[in-house]
Structures are given as structure tokens and as C-alpha cells.
Amino acid sequence: MAKVLMKGNEAIGAAAINAGCKYFFGYPITPQSELPEYMSRELPKHGGVFLQAESEVAAINMVYGAAGSGVRVMTSSSSPGIALKQEGISYIAGAELPCVIVNIVRGGPGLGGIQPAQSDYFQATRGGGNGDYRLIVYAPSNLQELVDFMQLAFHKADYYRNPVMVMGDGMIGQMMEPVEIKKMDEDNLPEKDWATTGTGGKRKPNIINSLYLAPDVLEDHNEHLERKYKTIEENEQRYENHQLEDAEVVIVAYGTTARIAKTAIENLEKKGIKAGMIRPITLWPFPEVAFKELDEKTKDLLVVEMSMGQMIDDVKIVNEGKRDVHFVGRSGGMIPTPQLIEDAVMKIVEGRK
Amino acid sequence: MSCEERKKQKIMRVKIVTGHYGTGKTEFSVSLAMKMAAEGKKVALADLDIVNVYFRSRERADLLEQAGIHVISSSLGHQSTLDLPAISAEIRGPIHDTTTEVILDVGGDMAGTNALVNFKKDVEESGYELLYVINSHRPETSTLEGALKHLDGIEMVSGLKVSGLVVNSHFLRDTTAQDILEGYALAQRVKEERGIPIRYISGIPSALADLPKDLEGEQVEVGMYMREDWM
């Protein structure tokens, strides 16, 4: 497919259809409503089904059912809508089913606002649902990554039998950029012999369930899940390093914020200050390896988020107290400027003298 | 230029900017307003976008007002985060003020065009140009069929007739003359089908500079006003 100009939300839809997604269940909410709108128009043309559910809770449970039959299925929403889906997400994780959940984040808590934010980091990486479970969380920072990660998300969901979240702030959903929707090679996927597709009288029925009343059996199940999560932690950490060599201060930022930080780093360079950046691409598993490779000269980490500071907790965990960890951010739908980040870096550098 | 001459050339004081969403209506509207203000004209820009609350011209109200442009948006002010379809009736003032050049920046698609219906009588009285923005890089309007489908839909909803085409094919800062020419070729086919002239060609200055000289339509330099530097 040639390069086209797309809006984030519709690019997600186009990429999902290209990845073989056949079912979409959702409920509209700003700032991602163009996505269900796109799916309602385009999915039927590709032999798929779009269904607007009566609520977010209904939508995620439709995803649960469809995922149980082994098809590629997704839902999308924005922050408070994703909050409503948490029960279903926990069930899907417990039942080990593959699906993709897209969160185009807006300001919170509660109904919050409709402008971009990154304040659902805890919700995505700590789980708003109950029990010991994890989601793989991808945080694209431009629309090409967004479309590439959509297929990757479906692939990893199938590979690990686990729900995968693609999380972008409202800006990622709304901005326009040229994208090329490509097809990735997916040869290494196991057969979905667990799916409820009918026995044909030849085998025992497959059962999709997250209820284990016997505590020893549930503990076995939890330990099995934990082994899977450890494997994901070992194999799926993704990040981008940007100008880390000799960096005095290393910024940690993801998504849209990382783009703003890149501009700040360029501006700082002109002033003779060397700053670099680690951009987490997977928020879970958090890319701890990136922090192990940091330069000895780097004495400070500056976490920048469109929230009051959530990812900073993970940065502190992987930092193991080695460097000073600082924070700057905006919230509520306000977007940090390069200037804000530059000033924060300058303050760190000057404070050291 | 006398009023009669203007009418003959289909240059009207009230310009209504419509199109499929994401074609660049707002960037074009803001750039055209800035151009006309720089030419010393009295300009009013009305933001009629009630479909989408991101990237609306009211976000640039400060910049536009500094250039002397009268910005009109919601009856509740320019607060960009309001998700309410509240359009200020103040728009009627400039539409009927014969000394003001008016640009109506309408929301995308047929849904966005609904907001225009309120002002149909006013613009019919004042005279208008209904501009249709064409961006061949948008998947839905990359073909003649797609471009016509949205054009017909907008005419149907508004009850008004498109009088001019705007070529706005781009890849943001990477736009080349070739990109614009692709859009121009599509606009020519629309012109053949519907008999609508090409009224404007817009693009970043470097791309416009490389265009052949004999193209139809006034050139408008796009200032990338709606795009933050870091994007």
C-alpha cells in the first residue's frame, strides 16, 4: 500500500483490518470516536462485523466471547470508557484469550476532559481489574508506529494468548500524518486448538473460563500465568535510545511527550547542553534493560509525562537509587512545551554547580 | 474591482471552506485569512467546526487576532475544549458587513456541513463562494468517485452549490510540487465532471515555488499554523 495521509484514529482501524481483525465491539467516546466510525463503515466491506454495544461493559464482554472462538477481535475507548472495561479485561487475561484494546487517553480522573493526557499509565500497567494479571502495553509516538504496532499487538496477543493494549494520548488519535500500512510476517503462531469452534463430535469441548474454585488449582493457574509474564518481560521490552552518549541528563518520556522532548533536546544542544532520552515503547514490560546501559556520566533522569507523574514510579524502580530522578509534566489536557522541558533540564544542570 | 466584476469572476466576499475531514480545511482557512489580512483587508474567520474538538481554527485565535483578524467561534468563547455544538450568532454580523472579507471554516464531511445550514439564508443574501478542498493523499478522496461523493454530500446537506475547488494535496513538511500536481490532476477531473473551476492551490512555499507557472487558481502559502513545531 502506498503512503497515505491519515488521522490516528482511522489509521488504527485501517491497520487492524490489514492485520486480519474481523470483529470490533465498542462504544463511542471523544477523542477516539473516528475509530468506531471508521470500523462501522469499513469492517463489513472486509467480511467483518462492527457492533456498537450498549455500553463499554457490554463491548468488552463481546470481545471476551469473540476472542474465545479464536478470531481477531478488538475494542477501543478513551480513559473513563477503559475504566469501565477493566472487569472484562481481567476475565480475558484470566481465561488467556488474545484481543487488542486501544486506549486514546484523555484527562482524568472521572469524566475529566477531552484533551490529550497520559494519566492512564497506572490503569494500563498496574491493571484496574482484579487479580495477578498483566497486559502488554504499546505506546506509539507517531502514526507509522501506531499502524505497525496494531499488527504487532494482534500478533503478540495470539502468540502469548494475552490481551494487548495500544495506548496513545488524544493527540496520537487526532493528528494527521503520512502512513504506510504494511503486512508483517506471522508464520510462527501456534494453532488455536483451545478455541470454542465446535467439537465436530471428534474431541472434548473446549471451555473458556476464569473461575477456579479450588485454591490449589487457582494457584497453579497463577503460577502458570506468572511464568508467561516472566517470558514476556524477558522477550518483549521495547524502547528507543536517543543521544544517550555523554548525556548529562537523560529524559524519560513516551508517546507524544517524547516528540516534544526531542525538540527540547535539539534546542538544548544549541545551548551546549547534552541531554538524551530513553523512550519506553512498551510500558509493560517496562524496558529496564535500557537503564542498565546508561552512561556513567549521566547523573540525572528527568521523567516527562502528560500527567502528575505515574511512569516515574517505574523509572525509580529500575533506577535502583543510582541517579537522581526528577519530574516535570502537564496534566488535564495541557500539553508540555519544549520550553518547559528545557527549563527543567537547565534547572537540574544549574543546581548541580 | 467593482461588485459586478467580482461576481463575474466568482470572487465573493464570503468564502465557505468545506471538504472531507482531514483534507486541510482549517490550515487552508487560517492561511488564507492571514494572507488576506497581510494584504490589508478587513477579515473575519468563523470556526463552524462542531464535529471535532481537536485542531480547530479557534486554537489559533491569539495569532489571528494579533494579525487583526476577527475570530468567531462558540457563543461561549474560544475555549477549545468545549464539546458543545454552540455556534455564535455573531457570525451574521460580518456576513452582512460589505466591508469585511469572511471565511467560514466548516467542519468535515456532511456531518460538519450541517452547521452551515443555519446561515444558508444569510450567505445567499450576501453572495458566497463555496470552496471544496481536495486532498488526493486522503484515502477517501484519492479517487474521482471519492472526491465527488463527498462533494455531492456537502451540496446536498448545505443546499448550496460548490463554486470553486481548492487543491491541498500534501504530506505536511515533506510536501513536494509533485504532491500538489497529483491533487491538481484530480481537481481537473472533478472540474470536467462538475464544471467547477479550480479556485486556489495551497501548499508549503517550497512546493509552490517548484510548480509550473501556467496552473489555474490563486496560490496560497500554507503557514503550518495548526501544526506544532514538535509535530
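These figures come from a predicted structure and were not determined experimentally.

Undergrad: Describe the overall build of chain B, with residues and values.
TA: When helices and strands are tallied, chain B shows 9 helices and 8 strands. By the compact-globule yardstick of 17 Å for 231 residues, chain B fits well, its C-alpha radius of gyration being 16 Å. Taken over the C-alpha atoms alone, chain B extends approximately 45 × 40 × 35 Å along its principal axes. For chain B, the proportion of its 231 residues judged to be buried stands at 58%. A fraction of 72% describes how many contacts in chain B between residues 6 or more apart in sequence connect residues 24 or more apart. Working note: accessible area of chain B is about 9,600 Å², and carbon and sulfur atoms make up 51% of it. Charge centroids of chain B, computed over 26 positive and 35 negative side chains, lie 4 Å from each other.

Undergrad: Hey, could you go over the overall build of chain A for me, with residue numbers and the actual values?
TA: A count of helices and strands for chain A gives 13 helices and 14 strands. Here chain A has a C-alpha radius of gyration of 21 Å; the compact-globule value for 353 residues is 20 Å, and the two agree. Across its three principal directions, the C-alpha atoms of chain A cover 75 × 50 × 40 Å. Across the 353 residues in chain A, those meeting the buried criterion constitute 58%. By sequence separation, contacts in chain A at least 24 residues apart represent 80% of the contacts at least 6 residues apart.

Undergrad: Provide a residue-level description of the interface of chain A and chain B, including the pertinent values.
TA: With 26 residues of chain A at the contact, the number on the chain B side is 20 residues. Taken together, the two surfaces of chain A and chain B that pack against each other cover about 2,100 Å², and 62% of this comes from carbon and sulfur. Applying the counting criterion to the chain A and chain B interface returns 3 salt bridges. Connecting chain A to chain B are 8 residue pairs in polar contact (both at pLDDT 80 or more). Breaking the side of chain A that touches chain B down by element, the ones donating at least two residues are β1 (4–7), α2 (34–42), α8 (170–174), β8 (176–179) and α10 (255–270) of chain A. Classifying every residue of the side of chain A that touches chain B by side-chain character gives 13 nonpolar, 6 polar and 7 charged.

Undergrad: How would you summarise the side chain of E34(A) if you had to cite specific residues and measurements?
TA: Here E34(A) is to be found in helix α2. There is a polar contact of 2.7 Å between the side chain of E34(A) and the side chain of N9(A).

Undergrad: Give me the lowdown on the sheet that holds strand β11 (residues 275–280) of chain A, citing residues and values where you can.
TA: Residues and elements named next belong to chain A. What the 5 strands build is an open sheet, ordered β9-β11-β10-β13-β14; its pairing is mixed. The open sheet is flanked by β9 (239–242) and β14 (324–329), the only strands paired with a single partner. Shown here is a sheet whose adjacent strand axes are inclined to one another by a mean of 20°, direction ignored. Bridge count for strand β10 (residues 249–252) against β11 is 4 bridges, and the pairing is parallel. Counted as the bridge partner of V252 is I278 from β11. The sheet strands contacting α10 are β9, β10, β11 and β13 (300–305), and the helix crosses β11 at an angle near 170°. Helix α13 (residues 338–352) rests against β10, β13 and β14 of the sheet, and its axis sits at about 160° to β13.

Undergrad: Now, about the packing of aromatic side chains: what can you tell me, with residues and values included?
TA: Counted by the stated rule, this structure contains 9 aromatic pairs over all chains. Ring geometry for Y229(A) against W284(A): centres 6.0 Å apart, planes inclined by 90°, an arrangement best described as edge-to-face. Here Y229(A), found in helix α9 (residues 215–235), pairs with W284(A), found in strand β12 (residues 282–284); they are 55 residues apart in sequence, far enough to count as distant. Take Y229(A) and W284(A): they sit in the same class, and that class is buried. Between F286(A) and F291(A), the ring centres sit 5.7 Å apart and the planes meet at 25°, which makes this aromatic pair stacked. One Lys or Arg, R138(B), reaches over the ring of Y21(B) and ends 5.4 Å from the middle of that ring.

Undergrad: Help me get a handle on the environment of Y200(B), residues and values and all.
TA: Residues and elements named next belong to chain B. Secondary-structure assignment places Y200 in strand β7 (residues 198–203). Note on Y200: relative accessible area 1%, which makes it buried. Taking the C-alpha atoms as reference points, Y200 and N168, separated by 32 residues in sequence, lie 8.6 Å from one another. The contacts of Y200, once residues within four sequence positions are left out, are K15, F28, L32, L131, L165, V166, V167, G217, E218 and V220.

Undergrad: Tell me about the side chain of D105(B), residues and numbers included.
TA: Residue and element names in this part refer to chain B. Among the structural elements, D105 can be located in strand β4 (residues 101–106). At 6.3 Å, K25 is the nearest oppositely charged side chain to D105, a buried residue that forms no salt bridge. In this structure the side chain of D105 is engaged in a polar contact, spanning 3.2 Å, whose partner is the side chain of S57. Residues within four places of D105 in sequence aside, it is in contact with V17, K25, T26, S29, L45, A46, D47, L48, D49 and S57.

Undergrad: How would you explain the domain arrangement of chain A if you had to name every residue and give the values?
TA: Residue and element names in this part refer to chain A. As far as domains go, chain A holds domain 1 (4–235) and domain 2 (240–352). A C-alpha centroid distance of 29 Å is found between domain 1 and domain 2. Taken together, the contact between domain 1 and domain 2 spans 31 residues of the former and 25 residues of the latter. A combined buried area of about 2,400 Å² lies between domain 1 and domain 2, and 56% of that area is made up of carbon and sulfur atoms. Interface area lost by domain 1 to domain 2 is led by Q118, Y121 and S141, which between them contribute 30%. Across the domain 1-domain 2 interface, the total number found is 3 salt bridges. Between E145 and R279 there is a salt bridge, with the nearest N and O atoms lying 2.5 Å from each other.

Here is what the cut-offs are and how they apply
Residues numbered from 1 in each chain as written. Chains lettered and ligands numbered in written order. Predicted model: local features only at pLDDT ≥ 70, side-chain atom pairs only at ≥ 80, totals over all residues. Heavy atoms only, no water. Helix = DSSP H or I, 4+ residues; strand = E, 2+ residues; numbered from the N terminus. Rg over C-alpha atoms; globule rule 2.2 N^0.38 Å. Buried < 20%, exposed > 50% of the residue type's maximum accessible area, 1.4 Å probe, protein only. Contact = heavy atoms within 4.5 Å. Areas by Shrake-Rupley, 256 points an atom, 1.4 Å probe, with all protein chains shown as cover. Lys, Arg positive; Asp, Glu negative; His and termini not counted. Charge placed at Lys NZ, Arg CZ, Asp CG, Glu CD. Buried area = accessible area lost by both parts, 1.4 Å probe. Salt bridge = Lys/Arg side-chain N within 4 Å of Asp/Glu carboxyl O. Polar contact = N/O pair within 3.5 Å; in protein donor to acceptor, adjacent residues only side chain to side chain. Nonpolar A, V, L, I, M, F, W, Y, C, P; charged D, E, K, R; others polar. Pairing = 2+ DSSP bridges. Axes fitted to C-alpha atoms, helices over the stretch in contact; angles between N-to-C directions. Phe/Tyr/Trp six-rings, centres within 6.5 Å; stacked < 30°, edge-to-face > 60°. Lys NZ or Arg CZ within 6 Å of the ring centre and 35° of its normal. Domains from an automatic or database assignment.

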